[in-house]
Amino acid sequence: MHLEVSDEPGKNTGRIIVETPGTSDYCAARSNIAAELKPQGITLTNLNQELAQPIPVEIVGVPFRDQAHPVWFARGSDEVTSLWELHPALVKVLQ
């Protein structure tokens, strides 16, 4: 699960990727994110989504420098401005 986050709420601010891996070790963490977003009307899918309003989160993760991906496998939106990610990461929705 890739989430794009920034330290400012603007739509066009630079973002980094926070990744919660798709392995069974992180199934509970991914389920928790989905459960915390659902009351706010957000249902996670396999499709890219852009939230109408930013949501504050708390993240615990390991810094990881990814590599640039080919055009056919983009890492994220155009607002992702760094090759650094937090991966693996645990995310808690604060609202």
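Bear in mind that the values here come from a model prediction, so they are computed numbers and not experimental data. (Residues numbered from 1 in each chain as written. Predicted model: local features only at pLDDT ≥ 70, side-chain atom pairs only at ≥ 80, totals over all residues. Heavy atoms only, no water.)

In this section: the overall build of the protein. For the protein, the count of helices and strands is 1 helix and 4 strands. Reading the helices (α) and strands (β) of the protein from amino to carboxyl end gives β-β-α-β-β. What you see for the protein is a C-alpha radius of gyration of 13 Å, in line with the 12 Å of a compact globule of 95 residues. C-alpha atoms of the protein, sized along the principal axes, occupy 35 × 30 × 25 Å. For the protein, the residues scored as buried account for 23% of the 95 residues in total. Partitioning the contacts of the protein with sequence separation of at least 6, the portion at a separation of at least 24 is 60%. Averaging the positions of the 7 positive and the 12 negative side-chain charges in the protein gives two centres separated by 4 Å. (Helix = DSSP H or I, 4+ residues; strand = E, 2+ residues; numbered from the N terminus. Rg over C-alpha atoms; globule rule 2.2 N^0.38 Å. Buried < 20%, exposed > 50% of the residue type's maximum accessible area, 1.4 Å probe, protein only. Contact = heavy atoms within 4.5 Å. Lys, Arg positive; Asp, Glu negative; His and termini not counted. Charge placed at Lys NZ, Arg CZ, Asp CG, Glu CD.)

Time to look at the sheet that holds strand β3 (residues 57-65). Strand order across the open sheet formed by 4 strands is β1-β2-β4-β3, with mixed pairing between neighbours. Strands at the two margins of the open sheet, each flanked by one partner only, are β1 (2-5) and β3. Within this sheet the neighbouring strands show an average axis-to-axis angle of 40 degrees, counted without direction. Most of the contacts of helix α1 (residues 27-37) go to strand β4 (residues 80-93), to which it runs at about 85 degrees, and overall it touches β1 and β4. (Pairing = 2+ DSSP bridges. Axes fitted to C-alpha atoms, helices over the stretch in contact; angles between N-to-C directions.)

We now examine the nonpolar core. Grouped together as the largest cluster of nonpolar side chains are 10 residues: V5, V18, I33, L37, I42, I55, L86, A89, V91 and V93. Contributions of two or more residues to this core are made by α1 and β4. Top contributing element to this core by residue count: β4, with 4 residues. In this structure, V91 is in contact with L3, V18, T20, I33, E36, V57, E58 and I59, ignoring residues within four places of it in sequence. (Core = buried A, V, L, I, M, F, W, Y, C linked by side-chain atoms within 4.5 Å.)

Counted according to the given criterion, the structure contains 4 salt bridges. Across the salt bridge formed by E4 and R15, the nearest N and O atoms sit 2.9 Å from each other. In this pair, E4 sits in strand β1 while R15 sits in strand β2 (residues 15-19), placing the two residues 11 residues apart along the sequence. What makes E4 partly exposed here is its relative accessible area of 29%. A relative accessible area of 10% means that R15 is categorised as buried. (Salt bridge = Lys/Arg side-chain N within 4 Å of Asp/Glu carboxyl O.)

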